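# Breakdown of the fold
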Amino acid sequence: MNLFVDSSVALAACLSSTGGSRLIFDLARAHGWALIVSPWVLREVRENLVAKPPEATHVWLKLRKRIIIEDDELAFDWPLVFSITKDKPVLCTALACADILLTLDRNDFQSLLGETVYGLQILTPGKFLQSQREAGRILPQR
Amino acid sequence: MSTLIEIEAAADGLPSAEKEELLRFLAIRLRKERTEVKPRIYSEAEVAAMLAEDEADGERFRQGR
């Protein structure tokens with residue numbers, strides 16, 4: 001399963017070791033989840049980490065090793081009913097390479113959270129984990 | 001020349017062809033500014049809200065819910 005990781009989720013994973021975002025990174029390999037970002041997301045993470053404690057950057061350097069980087073897609077062939085320009089690169093790239101877009105950005109993705117756009121589900125990490133558990137796809141934790 | 005009034009006065013003095021050129025220049029700049037995609041920089045309040053939700057979700061998951 002291909003999961004596109006929005007910068008909000010990557011940032012949360014850097015800043016908290018107990019949140020759902022970090023769990024996604026920790027559980028990904030064992031559960032066959034491919035974690036994907038794009039250069040655009042990497043840029044957003046980098047720019048947001050500037051104002052955070054240096055430890056967060058150290059964590060990000062470790063988490064980065066677990067992700068796949070796909071090229072940015074800045075356009076999509078089908079019409080997008082999506083008014084917020086600044087998130088289009090994230091949505092377009094996720095549409096091109098992922099099954100699920102994980103985000104915590106309720107400001108810009110509010111109308112799309114929990115929805116499916118051209119087959120791409122848009123979920124928070126918590127909702128994704130819950131859906132996997134309900135589907136019996138979470139392996140017992142050691 | 002730095003204020004809008006000074007620039008408008010100078011533009012008034014231009015011949016029509018150059019006024020049109022100036023108009024095209026401004027239209028292109030304005031379109032670019034309005035469509036340029038900028039990275040999201042989350043405010044402290046946004047980060048705090050995202051972390052609160054994320055940590056609550058993490059806790060819920062650990063409790064098996």
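Structure's up top.
A brief structural summary. (Residues numbered from 1 in each chain as written. Chains lettered and ligands numbered in written order. Predicted model: local features only at pLDDT ≥ 70, side-chain atom pairs only at ≥ 80, totals over all residues.)

## Description of the sheet that holds strand β3 (residues 67-69) of chain A
Residue and element names in this part refer to chain A. What the 6 strands build is an open sheet, ordered β3-β2-β1-β4-β6-β5; its pairing is mixed. With partners counted over all chains shown, the strands left at the sheet margins are β3 and β5 (116-117), one partner each. Across 3 bridges, the pairing between strand β4 (residues 100-102) and strand β6 (residues 120-123) is parallel. Paired with L102 across the strands is L123, a residue of β6. (Pairing = 2+ DSSP bridges. Helix = DSSP H or I, 4+ residues; strand = E, 2+ residues; numbered from the N terminus.)

## Quick look at the packing of helix α1 (residues 7-15) of chain A against helix α2 (residues 20-31) of chain A
Residues and elements named next belong to chain A. For the pair α1 and α2, interaxial distance at closest approach is 7 Å and the crossing angle is 90°. Between α1 and α2, the interaxial angle falls into the category roughly perpendicular. Two secondary-structure elements touch here, α1 through V9, A12 and A13 and α2 through S21, R22 and F25. Residue composition of the contact of α1 with α2, grouped by class: 4 nonpolar, 1 polar and 1 charged. (Axes fitted to C-alpha atoms, helices over the stretch in contact; angles between N-to-C directions. Parallel < 35°, antiparallel > 145°, perpendicular 65-115°, else oblique. Contact = placed C-beta atoms within 7 Å. Nonpolar A, V, L, I, M, F, W, Y, C, P; charged D, E, K, R; others polar.)

## As for the interface of chain A and chain B
Where interface size is given, it is often the accessible area lost as the parts come together that is meant. Facing the 26 residues of chain A at the interface are 18 residues of chain B. For the side of chain A that touches chain B, the elements supplying multiple residues, two or more each, are α1, α2, α3 (39-49), α5 (88-97), α6 (106-109) and α7 (125-134) of chain A. The greatest single-element share of the side of chain A that touches chain B, amounting to 5 residues, is contributed by α1(A). Grouping the amino acids of the side of chain A that touches chain B by side-chain chemistry returns 8 nonpolar, 12 polar and 6 charged.

## So, unusual backbone geometry
With a phi close to 45°, A:Y118 is a non-glycine residue in the positive phi region. Structurally, the position occupied by A:Y118 is in the loop between β5 and β6.

## A look at the nonpolar core
All names here are of chain A. The biggest cluster of nonpolar side chains holds 38 residues, and the ones touching the most others in it are L3, F4, V5, A10 and L102. Per-element tally for this core: the top contributor is α1, with 7 residues. Filtering out sequence-adjacent residues up to four positions away, L102 remains in contact with L3, F4, V5, D6, V9, I24, L123, P125 and F128. (Core = buried A, V, L, I, M, F, W, Y, C linked by C-beta atoms within 7 Å. Buried ≥ 20, exposed ≤ 12 C-beta atoms within 10 Å, placed from the backbone.)

## Here we look at the pairing of strand β2 (residues 34-37) of chain A
Residues and elements named next belong to chain A. In the sheet, strand β1 (residues 2-5) pairs with β2 via 3 bridges, with the strands oriented parallel. Within the sheet, the bridge partner assigned to L3 lies in β2 and is L35. Pairing geometry for β2 and β3, over 3 bridges, is parallel. Looking at β3, one finds that I36 is bridged to I68.

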